[in-house]
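# Coordinates in review
The lines below spell out each chain.
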Amino acid sequence: MDRAEAQALIERIRKFSKADAVEVQVFGGNTTNVRFADNQMSTAGGVSDFQVGVQSYFGAKHAVVTTNEVTDEALRAMVEKSERLARLAPDDPESMPLLPPQQYQPVEAYFPSVANMTAEERAKIALTALEPCRGAGDLTAAGYLENRTVFTAFGSSSGLFAYHRGTSSNYTLTVRTNDGTGSGWAGAEHNDARLVDYEGVSRRAIEKARASRTPVAIEPGRYTVIMEPQAVGDLCQLIGFYLDARATDEGRSPFVKQGGGTKIGEKILDGRVSIYADPSDPMVRAQPFDGDGLPLGRQEFVRDGVLKTLYYSRFWARKKGVPPTGAPTSFLMSGGSASVDEMIRSTQRGILVTRLWYLREVDPRTILYTGLTRDGTFLVENGRVTRALKNFRFNDSPLFMLNNLEMLGKPERLAGTEAGGAVVVPALKVRDFNFTSLSDAV
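As a starting point, this report considers the structure included with it. Source: prediction; values computed, not measured.

On to the environment of Ile351, then. Looking at the element boundaries, Ile351 is found in strand β12 (residues 349–363). As a C-alpha pair, Ile351 and Arg12 span 339 residues in sequence and 60 Å in three-dimensional space. If we ignore the near neighbours within four places in the chain, the residues touching Ile351 are Ile218, Tyr223, Thr224, Val225, Ile226, Thr377, Phe378, Leu389, Phe392 and Phe435.

Put into structure tokens, the structure is as follows:
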């Protein structure tokens, strides 16, 4: 649905409304994919999705109803149902008035290279992993390629209208050795399929699987660790969930100062670290507005290691008398120029980690998490990788880790994390990372 069609649909729905105020959100798109496992293509398909939702307001009461039909009869029924429910709802003490029309920074996130990719082209990408694994005889590949073409439109009875469309191509691959001892993973994502190195992903996963065969155990403890970007993103992205101003003001955040107040203005990380969100960054190209239609701009949370700001919902911003920022939808971290190979060459004894998984919170006041390494963990000795290691469980905080930095690589966009969202981070070399036990999982 293009911008004009979305705007016309929202206007049709708005005319059915008898509420004090009404918001309409429309989203949908097409997803195409190919999935393979056990060295065979397993599924290939496409899904078209569409949903429209209306939120009706009577004073501080409001309710939402959704549908995927666009006949006048269905849309009128949706609006009438939301009005009946809104009248029954209790007053929302945090209800906010509708936003007036806003100005949005356009983000060009739609690329025909994704939208027009054919099933044959997707199958050829899968074959970049399947053919070498079949030919090798000792490797088994499982992977997933998903191309998404999506749009979102938002409008209200205040005259606000926002529209965004975008594409993304996401390719992830796991390769296992047939002796059951080795596993390698790689992935990549971008809005433009021309910028995804599909063959490179397949090659890296295969190389990781072979190199990780027959791992040995070493004692858990504190080690110098070289984290590839995926591992950095898995852990450091979690910082973003603790940057909410309300949680901090209410004492539920690591950014609360002892005795009251926040740590804004204090140095909390290594001076080489800056953390920000920016939907218009060319490596992100995300939706430039939130679910209320509030424009999302660049938010610089940490600059040169110093906490600069937190993010504010509209309700909390009004309560505190500051401008609202909305919640960030991306996580970007500054980097350096070191390559992973340079980090390895500079390491006397350490551990190279491909990625992390199954991360769970231990202490929200310090962002202490526990989790496991996965799909390629290696011992580094005298400047080179010497052997594959059994996986570890770790207990550590990204705040601790980013105060123990030795080297930073060039930021790159990840193919996704457990937490989701657009993430751009560098590889890191850190000291004293805390591995607490071994894991037999491959």
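Right, picking up where we left off after that structure.
Counting residues in each nonpolar core, the largest one holds 53 residues, and the members touching the most others are Phe255 and Leu402. If we ignore the near neighbours within four places in the chain, the residues touching Leu402 are Cys236, Ile239, Leu269, Asp270, Val273, Ile275, Met333 and Leu428. Ranked by size, the runner-up nonpolar core spans 24 residues in total, among them Val34, Ile125, Leu145 and Val201.

With antiparallel pairing, the six strands of this open sheet are ordered in space as β3-β2-β1-β4-β5-β6. Edge positions in the sheet fall to β3 (61–67) and β6 (183–190), since each has one partner strand and no second. Between one strand and the next, the sheet's axes are offset by a mean angle of 15 degrees, whatever the strand orientation. Of the strands in this sheet, β1 (21–37), β2 (40–58), β4 (139–156) and β5 (161–177) are in contact with helix α1 (residues 3–16), which crosses β5 at around 115 degrees.

Further remarks concern the environment of Val34. Within the element layout of this structure, Val34 appears in strand β1. Residue Val34 is classed as buried on the basis of its relative accessible area of 4%. Val34 sits ten residues away from Ala44 along the chain, and the two C-alpha atoms are 4.2 Å apart. Here Val34 is in contact with Met41, Thr43, Ala44, Arg122, Ala126, Gly143, Tyr144 and Leu145, once residues within four sequence places are set aside.

Here we come to unusual backbone geometry. Not every positive phi belongs to a glycine, and Asp38 is a case in point at roughly 50 degrees. Within the secondary structure, Asp38 sits in the loop between β1 and β2. Positive phi outside glycine occurs at Tyr358, with the angle close to 55 degrees. Checked against the element boundaries, Tyr358 lands in strand β12.

Turning next to the sheet that holds strand β11 (residues 330–333). Strand order in the open sheet formed by six strands is β10-β9-β8-β11-β18-β17, with mixed pairing between adjacent strands. In this open sheet, the two edge strands, each paired with only one partner strand, are β10 (306–307) and β17 (412–413). Where strand β8 (residues 275–277) meets β11, two bridges bridge the pair, whose relative direction is antiparallel. Of the residues in β11, the one forming a bridge with Ile275 is Met333. Taken strand by strand, helix α6 (residues 229–236) contacts β11, β17 and β18 (422–425), and its axis lies near 120 degrees from that of β18.

By the alternation rule, side chains of β18 split into Ala422 and Val424 and Val423 and Val425, which are all buried. With three bridges joining them, β11 and β18 adopt parallel strand pairing. Looking at β18, one finds that Leu332 is bridged to Val424. With two bridges joining them, β17 and β18 adopt antiparallel strand pairing. Residue pairing for β18: Arg413 is matched across the bridge by Val424.

For strand β13 (residues 368–381), a buried count of twelve out of 14 residues is recorded, marking the element as mostly surrounded by other parts of the structure. Strand direction decides the pairing type here: β12 and β13, joined by eleven bridges, are antiparallel. Following the sheet pairing, Trp357 is matched in β13 by Leu372. What sits between the antiparallel neighbours β12 and β13 is a turn of four residues, in which Ile367 has the positive phi angle 55 degrees. Sheet topology note: the β13/strand β15 (residues 391–396) ladder contains four bridges and is antiparallel. Residue pairing across strands places Leu372 opposite Arg393, the latter belonging to β15. Sheet analysis places β13 next to strand β14 (residues 384–388), joined by four bridges and oriented antiparallel.

Overall, the coordinates contain eleven aromatic pairs when judged by the stated rule. Ring geometry for Phe301 versus Tyr311: centroids 6.4 Å apart, planes at 75 degrees, classification edge-to-face. Placement of Phe301 in strand β9 (residues 299–303) and of Tyr311 in the loop between β10 and α8 (314–320) is noted, with a sequence separation of ten residues between them. The class for Tyr311 is buried, based on a relative accessible area of 13%.

Turning next to the packing of α1 against helix α2 (residues 72–88). Relative to each other, α1 and α2 sit at 55 degrees, their axes nearing to 9 Å. Taken together, the axes of α1 and α2 are oblique relative to one another. Regarding α1 and α2, the two cross each other, and that crossing is right-handed. Contact residues: Leu9, Arg12, Ile13 and Phe16 in α1; Asp72, Leu75, Arg76, Met78, Val79 and Glu83 in α2. Here the residues of the contact of α1 with α2 sort into six nonpolar, no polar and four charged.

How each quantity is defined
- Residues numbered from 1 in each chain as written.
- Predicted model: local features only at pLDDT ≥ 70, side-chain atom pairs only at ≥ 80, totals over all residues.
- Heavy atoms only, no water.
- Helix = DSSP H or I, 4+ residues; strand = E, 2+ residues; numbered from the N terminus.
- Contact = heavy atoms within 4.5 Å.
- Core = buried A, V, L, I, M, F, W, Y, C linked by side-chain atoms within 4.5 Å.
- Buried < 20%, exposed > 50% of the residue type's maximum accessible area, 1.4 Å probe, protein only.
- Pairing = 2+ DSSP bridges.
- Axes fitted to C-alpha atoms, helices over the stretch in contact; angles between N-to-C directions.
- Phe/Tyr/Trp six-rings, centres within 6.5 Å; stacked < 30°, edge-to-face > 60°.
- Parallel < 35°, antiparallel > 145°, perpendicular 65-115°, else oblique.
- Left-handed = near helix turned anticlockwise from the far one by under 90°.
- Nonpolar A, V, L, I, M, F, W, Y, C, P; charged D, E, K, R; others polar.

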